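# Notes for the structure review
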Amino acid sequence: MGPETRTETEVEGRHLVLTNLGKVLFPEAGFTKADVVDYYVRIAPVLLPHLAGRPVTFVRCPDGVDGGCFFEKRLPRGAPEWLRAIDVPRSSRTDAPAIHAPAIHAPAIHAPATHAPAIADLPSLVWAANLAVLELHVPLWRNRPPGGHWRFDRMVFDLDPGPPATIVECCAVAEVLVDVLAERGLSTVRPKTSGKKGLQLYVALEPPRTPESVREEAMGIAHAAERDHRDLVVAKMRKDLRPGKVFIDWSQNVPAKTTVAAYSLRALARPSVSTPVTLEEVAACAAGGDPQSLRFGPAEVLARVERLGDLFAAG
């Protein structure tokens, strides 16, 4: 391995040192760290609003997607002093205690693992990309007030196809869920691809609700869908039940869990993106049967945003 290369730059008044920008992180596509930084800089206007006020869990791949990746939930060592952090629950229990930390700085990096980075602006995002953070994951809540309670502003259904099922079957299940949600008065539904093989449905909650109520309703909806569509849907966690069906994962609706953020890259052999799509695109995929119709790379996503704007706006 050659000597480390360093590039000093300034981003919105913050001094950053970027290293090894020529390093290939997606070997199959020749996609480098510089390409990762460039994508996140260009997608930032629509990505950052979906990270704002939420603790971010990183998926870091310092040696590229073939060299092993790992989750990082706590504020990394060496974080700049201006980087903020947000407290998170200690477990998946909705009543789990947490330490409130609206503005933990780098000198406090020995703080408990409940302190997660907040990627609130472009310098923070570029700093993370320089760490070879490929994926950004967020919870369903924004930072709570001191002494306040967790409130979800979203409900999520993570649709995971069991082979030979694909995202096509996920789209068919999504159409079922959209109808059920509308019957319950939950009509603000925004789908996005997982960036891997599945689809995710987010439901906007206004006003925000308690985690317990959201989890209970999501579980009920998923099990009702399984009962009415046993040939297509499974809502139980058992993996032996999933082949050929779509698993509706409702269990993500707890404070300590996260799902990949809209517009985040995914650490696959070739760079793909968790991409917001329209309900019309979901219906077309279900009817057309082509799983590739809802697979998008970074360049395609940037072009979509230029053409369609942020399909996840206000969600």
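Residues numbered from 1 in each chain as written. Predicted model: local features only at pLDDT ≥ 70, side-chain atom pairs only at ≥ 80, totals over all residues. Heavy atoms only, no water.

Our next topic: the environment of Gly162. By secondary structure assignment, the location of Gly162 is in the loop between β10 (152-161) and α3 (167-183). When its relative accessible area of 7% is taken as the criterion, Gly162 is described as buried. When the C-alpha positions of Gly162 and Lys239 are compared, they lie 8.5 Å apart, and in sequence the two are 77 residues distant. (Helix = DSSP H or I, 4+ residues; strand = E, 2+ residues; numbered from the N terminus. Buried < 20%, exposed > 50% of the residue type's maximum accessible area, 1.4 Å probe, protein only.)

Glancing now at the nonpolar core. Counting residues in hydrophobic clusters, the biggest one holds 93 residues, and the most contacted among them are Tyr40, Ile43, Phe157 and Leu159. When residues of this core are assigned to their parent elements, the largest contribution, ten residues, is made by helix α1 (residues 33-51). In contact with Ile43, other than residues within four places in its own chain, are Tyr263, Val301, Leu302 and Val305. (Core = buried A, V, L, I, M, F, W, Y, C linked by side-chain atoms within 4.5 Å. Contact = heavy atoms within 4.5 Å.)

Moving on to the packing of α3 against helix α5 (residues 279-288). Running from N to C, α3 and α5 cross one another at 125 degrees; their axes reach a closest spacing of 8 Å. Judged on the interaxial angle alone, α5 and α3 are oblique. Two packed elements cross with a definite hand, and for α3 against α5 that hand is left-handed. Seen from α3, the contacting residues are Ile167, Val168, Cys171, Ala172, Ala174, Glu175 and Val178; seen from α5, they are Leu279, Val282, Ala283, Cys285 and Ala286. Its residues assigned to classes, the contact of α3 with α5 comprises eleven nonpolar, no polar and one charged. (Axes fitted to C-alpha atoms, helices over the stretch in contact; angles between N-to-C directions. Parallel < 35°, antiparallel > 145°, perpendicular 65-115°, else oblique. Left-handed = near helix turned anticlockwise from the far one by under 90°. Nonpolar A, V, L, I, M, F, W, Y, C, P; charged D, E, K, R; others polar.)

Turning to the pattern of salt bridges, a few remarks are in order. Where charged atoms from two side chains of opposite charge approach closely, those side chains can pair. Within this structure, the stated rule accounts for 14 salt bridges. Among the salt bridges present, the one from Lys23 reaches Asp63, with a minimum N-O distance of 3.3 Å. Residue Lys23 is found in the loop between β2 (14-19) and β3 (24-26), and its partner Asp63 is found in the loop between β5 (57-60) and β6 (70-72); the two are separated by 40 residues along the sequence. Of the residues examined, Asp63 reaches a relative accessible area of 48% and is grouped as partly exposed. A single salt-bridge network, built from bridges that share partners, covers Arg54, Arg142 and Asp153. (Salt bridge = Lys/Arg side-chain N within 4 Å of Asp/Glu carboxyl O.)

Further remarks concern the sheet that holds β6. Overall, antiparallel pairing links the four strands, which are arranged β6-β5-β9-β15 in an open sheet. With one partner strand each, in any of the chains shown, β6 and β15 (259-260) form the two edges of the open sheet. (Pairing = 2+ DSSP bridges.)

Moving on, we get to the packing of α1 against helix α6 (residues 298-308). Running from N to C, α1 and α6 cross one another at 30 degrees; their axes reach a closest spacing of 11 Å. Taken as axis vectors, α1 and α6 run roughly parallel relative to one another. Our pair here, α1 against α6, has a crossing hand that is left-handed. Contacts from Tyr39, Arg42, Ile43 and Val46 in α1 reach Pro298, Val301, Leu302 and Val305 in α6. By residue class, the composition of the contact of α1 with α6 is seven nonpolar, no polar and one charged.

Turning to the confidence of the model for the protein chain, a few remarks are in order. Of the residues in the protein chain, 89% reach a pLDDT of 70 or more, and the chain-wide mean stands at 90. Taken together, the stretch residues 92-113 has pLDDT below 50 and engages in 61 contacts with residues farther than four places along the chain or on a different chain. (pLDDT = per-residue confidence, 0-100.)

All chains considered together, the criterion is met by one disulfide. Bridging Cys61 to Cys69, the disulfide has an S-S length of 2.1 Å. Where Cys61 bonds to Cys69 through sulfur, the torsion about that S-S bond is close to 110 degrees, and the disulfide is right-handed. With no disulfide of its own, Cys170 lies closest to Cys171 among cysteine sulfurs, the gap being 6.9 Å. (Disulfide = S-S within 2.5 Å.)

Bridge count between β10 and strand β12 (residues 199-209): seven bridges; the pairing is antiparallel. When the sheet's bridge partners are listed, Phe152 is paired in β12 with Arg209. Bridge count for strand β11 (residues 189-193) against β12 is five bridges, and the pairing is antiparallel. In the sheet register, Lys192 faces β12, and the bridge partner there is Gln200. What sits between the antiparallel neighbours β11 and β12 is a turn of five residues, in which Gly195 has the positive phi angle 85 degrees.

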